[in-house]
Each structure stands twice: as structure tokens, then as C-alpha cells.
Amino acid sequence: MVCFLMNVFKQLLPAKRSIGGAFKCGAAFSLCFRRSSSDIVMEVHSQEQEVVIAIGSNVGDRLNNFNKALDLMKKSGIRITRHGCLYETEPAYVTDQPQFLNSAVRAVTTLGPHELLHQLKKIEKGMGRTNGIRYGPRPIDLDILFYGKFRINSDTLVVPHERIWERPFVMAPLMDLIGSNVDSDVTASWHSLSIHSGSLYESWNKLGGESLIGKEGLKRVLPIRNDLLWDWSERTFVMGVLNLTPDSFSDGGKFQSVEASVSQVRLMISEGADMIDLGAQSTRPRADRISPREELERLIPILEAVLELPEMEGKLVSVDTFYSEVASEAVSKGAHIVNDVSAGKLDDNMIPVVADLEVPYVAMHMRGDPSTMQNRENLQYNDVCKQIASELFTRVKDAELSGIPAWRIILDPGIGFSKNTDHNVDILMGLPAIREELARKNLALSHAPLLIGPSRKRFLGDICARPIATERDAATVAAVTAGVLGGANIVRVHNVRDNSDAVKLCDLMLKRRSSTA
């Protein structure tokens, strides 16, 4: 018996290998024994352990299953801190079944490993999981990939999960959960537990790495609705701007009536817009702020009319607002996306409200608010791209802790918002640098769709000596071209026709570049 207990104890010891000296052996933990019918299982308890849990579903409403499982995990003492991207995948092992949704989360818990396993199995059972065919269909599948720094091997639980290394649909979201930099002892220990000496990065690369995405039945997707999963890597998408304000810098006062707005939407759709962005509050520099009630009075009649248009079939509508009340009402009327220039900084309720709405969220970088963003103190940068990435990461980290998964996030570097001309040009040239800096902290965010909005902005007028906003369309096309070639996935523009043409050419150039690489 003593020998048996010592062997189990060894299996539970923290991993000892290190990566670059980042991981030091040792962790404070306590042990207890649980007697089962056939064995004695040693249980690890500590104040808090960081864990990774894989999630999969291919039966019923897959996205709703995900949302329900996440909620039940939180109620079971599992505090989720980070989400991987969302993947739609071909089934493995048993191939005659529907496609899966797969992802993974990082979380912290005070539950011991077998207690955690018990809670996850309880959630699966409560959601309709039965003992069917192994690797067969299931409404929800929850697997412990890592538990703290420990290697665990008992009759009921093996950690790391023994099939991680052969499954791209597990490795892809697992890699999303770590940055390209090793940020903690726990992360270092996960690398040390890889079956490949070069860490989890080597394990992922041996499977094919990032080259697998979009191939081999592994698509990275963003959920718009339960019945619509958006693969933004297929091409660049065009967002047409519709300002419903009397004082916007480009077209203020032109589209305040329902008739004028509907006519403009029809035009933009005919010219190639994939989505329409409705804004009823001006965010131009030093704009006066209106109340949520006034914003809703401008927005809702036009939103309802736009959504009824036959031309909007298959198109998306986003609402450009920093008020949670406006976002909530707009989504209840049918808006698909919340586009927030403040990333939640101007309304403390925005992040929790969007979390409950379960819609995509555009988090834009801005310092201050529209009335102060161009003040001198808000224009101080040492490296604008790195600082945008760092500040966006902080905002999105808070959003994730509040329940907005990374797979619902769209990032906007905020061209023209708390930036001068040089900053804006640096952003257009530096989109890869923004992704690279995000990747150091969180690979999932570095993969998020990137939206840019240079359209008709003042910096283009300053560069080209075009003081009238509507005369900046040629410069906008040049800016959009630079952005798309640099990795932008969505372009927000006033002139849809010309920019749609530019985007089509850029997409072909990118496809040619990829095919000859």
C-alpha cells in the first residue's frame, strides 16, 4: 500500500522541466485520500489552480450548448479567465456524424482534479450527454487538458489529456490560450508536459500548425447568430457607414429621415456592402454627447426600416454606440453586432450587457472620449502599434473576465481616434505589428478579425490637401488598400463602390501571394 501511494504521489508532483528558466519546480498544495471501490485516489487541493478545459459540441444548438456549459461551469466554481477561438471542425475517428464546434478555456478553481472532473461530468449529464458511441455525437464534451502544474494518472483521470497531441481540433484552441511569450510558471509547466521536447509550440507545428486553419476541416469562425458562423478569412468584408446624425464630419444631416436612410442602404448594398454600420451619435473630435434616449429616438425607426428591406437578406447590421442601453435595445430589434468606439470605457454597463446579449463586439482603441481624445496628453506614444495592442489587450481581458469570449471579439485600432497623422499612417503600415504584439500576450486575440476605418478622415485631408471630407475618397481607397494588404478583415467606408473594387483586387493579390509562398 505504501508503495502504491508513493507511485500515485509521484504522478501528482509538479512537472520539473523548464523553458528558458521560466518554470521553477514546486507548488504549495495539500493532499487527501478518497477511498473508491477498487482503489485509493490521492486528491490535490490548493487555494487555487489554473486549468485548461476543452469544449466540443455537435448535437442540437451547438452554440447554445457552449453558452450553457460556460454558464454552468461558472456556477460550479470554475472561474473562466480566457477563451480560445471558436472552430468548426470535421468529426474525427467516427466520421459519419455532424460537424463539431470546438474551443477551450483557461480557468481557475479551488476544486481538486477529481472534484473538477465530477463537476464537468455532472454538467455533461445535465445537458443530455449519455454513454453512447465512443467519439460519437454529443451535445457537450468537456475534457481537462491541464490542471495546474501537475501530471495526474489515476483510473478515472489522466492529465495532460492523453490524446491532445494527435488532435488539431484540441491543439488549435489550446495554443490560442497562451501567448507567444511564456507568461507564468504555470504556462511554462504546460509546455514542459508536452510529449515533444520543444514545448507545445513544437507539438502544434508537428501537426501542421497555423497552416491547418481553413483546411483539413478546421475553420476558425465567429458566431453572428446561432445559425450563422462567419469565416472571416475567406475574403475582406466591406462595412458601409450610415450616419444618422446632424453633425458627423462627412455626411452629417444627410440621412436623418427614414426615406433617405433606406435609399442610402439600398445603394450601398447594390455596390457591394456586406454589412451596414448605423451610428446615431457623432464621435467626431470634440463632438457634443447626446443622451441614450435621444440616440435611440434617432436610431430605432431607421434600424427597423433597414432590417425589413429584402436587400438585407444575408447582410449584417451593426450599431455604432458606446451606450449599453442603446446596444441592448438595438440588438433586441435585430442588430447583429455592437460597435463600441470606447471598448467599454464610456459606460461601465456596456461589457456585462454585451456579455448577456451574446453578440459580436467591436472593441476599438481610443484614449479619452470624443471631446478629449485629441488633447495633447492622449496623443503621446512611444510606439503607437505596440501601445494600441497593449491597451486593447487590457480592455479585452476585462471583457473576457466579464463573459465576452474571445471568439466574439472584433478589434479596431481606432484610426483617427486619439491619433495624429503620423500615428494613423503608422497603423496602416503596422497592422502585422499590432497582431504580433497581441500574440505575445494572447494568441486568440491576435487571430481576431481586424476592422479599420480610415474613410474620409482628416489625416487624409491633411496629407492630400483635401479640406472637404467628400473629396477624400481616392485617398481612402489608398488607405484601405494598404490596410487590407496588411491584414485587415473588415473595412468601414462611406464610398462602398470604389472601396469594394479595391478590396476585390487586394483579396486576389493576397490569394496569389499565398498560393506562391
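Residues numbered from 1 in each chain as written. Predicted model: local features only at pLDDT ≥ 70, side-chain atom pairs only at ≥ 80, totals over all residues. Heavy atoms only, no water.

Draft legend 1. Spatial organisation of the packing of aromatic side chains. Counted according to the given criterion, the structure contains six aromatic pairs. Aromatic pair Phe66 and Trp407: ring centres 5.8 Å apart, planes at 75°, arrangement edge-to-face. Note that Phe66 is positioned in helix H2 (residues 62–75) and Trp407 in the loop between helix H11 (384–401) and strand S17 (409–412), a separation of 341 residues in sequence. Aromatic pair Phe146 and Trp190: ring centres 5.5 Å apart, planes at 20°, arrangement stacked. Of the two residues, Phe146 is situated in strand S7 (residues 141–147) and Trp190 in helix H5 (residues 185–192); the sequence distance between them amounts to 44 residues. We note that Phe146, like Trp190, is buried. Each member of the aromatic cluster is reached from another via a ring pair, and the members are Trp230, Trp232 and Phe237. (Phe/Tyr/Trp six-rings, centres within 6.5 Å; stacked < 30°, edge-to-face > 60°. Helix = DSSP H or I, 4+ residues; strand = E, 2+ residues; numbered from the N terminus. Buried < 20%, exposed > 50% of the residue type's maximum accessible area, 1.4 Å probe, protein only.)

Draft legend 2. Structural view of helix H12 (residues 421–429). Within H12, burial applies to His423, Asn424, Ile427 and Leu428. Down the axis of H12, the buried set is contained in an arc of 140°. They therefore lie on one face. In this structure, H12 carries Asp422 and Met429 as exposed residues pointing more than 90 degrees from its buried face. The opening residue of H12, the one whose side-chain oxygen lies 3.1 Å from the backbone nitrogen of Asp422, is Asn420. (Arc of directions from axis to C-beta. Polar contact = N/O pair within 3.5 Å; in protein donor to acceptor, adjacent residues only side chain to side chain.)

Draft legend 3. Layout of the sheet that holds strand S18 (residues 451–452). The eight strands are arranged S17-S16-S15-S14-S13-S12-S19-S18 in an open sheet whose pairing can be described as parallel. In this open sheet, the two strands that pair with only one neighbour each are S17 and S18. Pairing of strand S14 (residues 316–320) with strand S15 (residues 337–340) involves three bridges; the strand directions are parallel. The residue bridging Ser318 from the neighbouring strand is Ile337, located in S15. (Pairing = 2+ DSSP bridges.)

Draft legend 4. View of the packing of helix H16 (residues 473–485) against helix H17 (residues 496–516). The contact between H16 and H17 brings their axes to 9 Å, and the two run at 25°. Taken together, the axes of H16 and H17 are roughly parallel relative to one another. Considering how the two elements wind past one another, H16 and H17 form a crossing that is right-handed. Residues Thr476, Val477, Val480, Thr481, Val484 and Leu485 of H16 lie in contact with H17, whose contacting residues are Asp498, Asn499, Ala502, Val503, Cys506, Asp507, Met509, Leu510 and Arg513. For the contact of H16 with H17, the per-class residue count stands at nine nonpolar, three polar and three charged. (Axes fitted to C-alpha atoms, helices over the stretch in contact; angles between N-to-C directions. Parallel < 35°, antiparallel > 145°, perpendicular 65-115°, else oblique. Left-handed = near helix turned anticlockwise from the far one by under 90°. Contact = heavy atoms within 4.5 Å. Nonpolar A, V, L, I, M, F, W, Y, C, P; charged D, E, K, R; others polar.)

Draft legend 5. Structural context of the environment of Asp498. Relative to the elements of secondary structure, Asp498 occurs in helix H17. Separated by 22 residues in the primary sequence, Asp498 and Thr476 place their C-alpha atoms 9.3 Å from one another.

Draft legend 6. Fine view of the pairing of strand S19 (residues 490–493). Of the two faces of S19, the one holding Ile490 and Arg492 and the one holding Val491 and Val493 are both buried throughout. Strand direction decides the pairing type here: strand S12 (residues 237–243) and S19, joined by four bridges, are parallel. From the neighbouring strand, Met239 faces S19, where its bridge partner is Arg492.

Draft legend 7. A look at unusual backbone geometry. Val159 connects to Pro160 through a cis peptide bond whose omega is 0°. The topology assignment puts Pro160 in the loop between strand S9 (158–159) and helix H4 (168–176). Of note in this structure, Arg456 is not a glycine but carries a positive phi near 60°. Note that Arg456 resides in the loop between S18 and helix H15 (458–464).

Draft legend 8. Structural context of empty space enclosed by the protein. Applying the stated criterion across every chain, the model contains one cavity of 30 Å³ or more. Put simply, the largest cavity is a space of about 60 Å³. Taken together, the residues that form the lining of the largest cavity break down as eleven nonpolar, no polar and no charged. (1 Å grid on protein atoms, 1.4 Å probe; cavity = no way out; pocket = protein on both sides within 12 Å on 5 of 7 lines; lining within 4 Å. Points joined across faces, edges and corners; volume = space filled by probe spheres on them.)

Draft legend 9. Main features of the pattern of salt bridges. Inspection of every chain in the model, using the stated rule, returns 28 salt bridges. For the salt bridge of Lys149 with Asp185, the shortest nitrogen-to-oxygen distance reads 3.9 Å. One end of the pair, Lys149, is in the loop between S7 and strand S8 (152–153); the other, Asp185, is in helix H5, and 36 residues separate them in sequence. On the basis of relative accessible area, Lys149 is assigned to the buried category, the value being 12%. For Glu311, the salt bridge goes to Arg266, with nearest N and O atoms at 2.9 Å. Linking Glu311 in the loop between helix H8 (292–307) and S14 with Arg266 in helix H7 (residues 258–270), this pair joins segments that are 45 residues apart in sequence. Take Glu311: its relative accessible area is 32%, and that puts it in the partly exposed class. In this structure, a network of salt bridges that share partners links the residues Lys121, Glu124, Arg129, Arg138 and Asp141. (Salt bridge = Lys/Arg side-chain N within 4 Å of Asp/Glu carboxyl O.)

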